Amino acid sequence: MKVDWAALGTVFGVSLGVVLGLVVLFSTGLRALSAREEARERGGSVVVSTAAATACLVACVTVVLFGIYLIVAS
């Protein structure tokens, strides 16, 4: 049996990049939710932080659902 190390390295690199991107995206969404609460307490506008949080969290859900689709479809 021969292992294709280049392909394995590519899969590892892509997986690592996607996971790190997803963690950063989720963290950004949580930070935007926190900023929304801070703005609400100060009486400021919450529109921008709410939109940012929604966009980040919807993107996270989309990536996870796409990953599940890729697993189930094959």
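Conventions adopted
Residues numbered from 1 in each chain as written. Predicted model: local features only at pLDDT ≥ 70, side-chain atom pairs only at ≥ 80, totals over all residues. Heavy atoms only, no water. Helix = DSSP H or I, 4+ residues; strand = E, 2+ residues; numbered from the N terminus. Expected span 1.5 Å × (residues − 1). Buried < 20%, exposed > 50% of the residue type's maximum accessible area, 1.4 Å probe, protein only. Contact = heavy atoms within 4.5 Å. Polar contact = N/O pair within 3.5 Å; in protein donor to acceptor, adjacent residues only side chain to side chain. Axes fitted to C-alpha atoms, helices over the stretch in contact; angles between N-to-C directions. Parallel < 35°, antiparallel > 145°, perpendicular 65-115°, else oblique. Left-handed = near helix turned anticlockwise from the far one by under 90°. Nonpolar A, V, L, I, M, F, W, Y, C, P; charged D, E, K, R; others polar.

## What about helix α2 (residues 47-73)?
- Here α2 is 27 residues long and its end C-alpha atoms lie 38 Å apart, about the 39 Å a rise of 1.5 Å per residue gives.
- Inspection of α2 places Ser49, Ala53, Cys56 and Cys60 among the buried residues, and these make up the whole buried set.
- Where α2 is buried, its residues touch α1 (5-42).

## Remarks on the side chain of serine 49
- With respect to the helices and strands, the residue serine 49 is situated in helix α2.
- For serine 49, the side chain forms a polar contact with the main-chain oxygen of valine 46, separated by 3.3 Å.
- Contacts of serine 49, omitting those with residues within four sequence positions, involve Ala32, Ala35 and Arg36.

## Focus on the packing of α1 against α2
- Interhelical geometry of α1 versus α2 gives an angle of 150 degrees and a closest axis separation of 8 Å. Put simply, α1 runs roughly antiparallel to α2. Judged by the sense of rotation from one axis to the other, the crossing of α1 with α2 is left-handed. Only Ser49, Thr50, Ala52, Ala53, Cys56, Leu57, Ala59, Cys60, Val63 and Val64 of α2 make contact with α1, whose side of the interface consists of Leu22, Leu25, Phe26, Thr28, Gly29, Ala32, Leu33, Ala35 and Arg36.
- Looking at the contact of α1 with α2 residue by residue, the class counts come to 14 nonpolar, four polar and one charged.

So, to be careful, I would describe these as geometric facts and stop short of saying anything about function.
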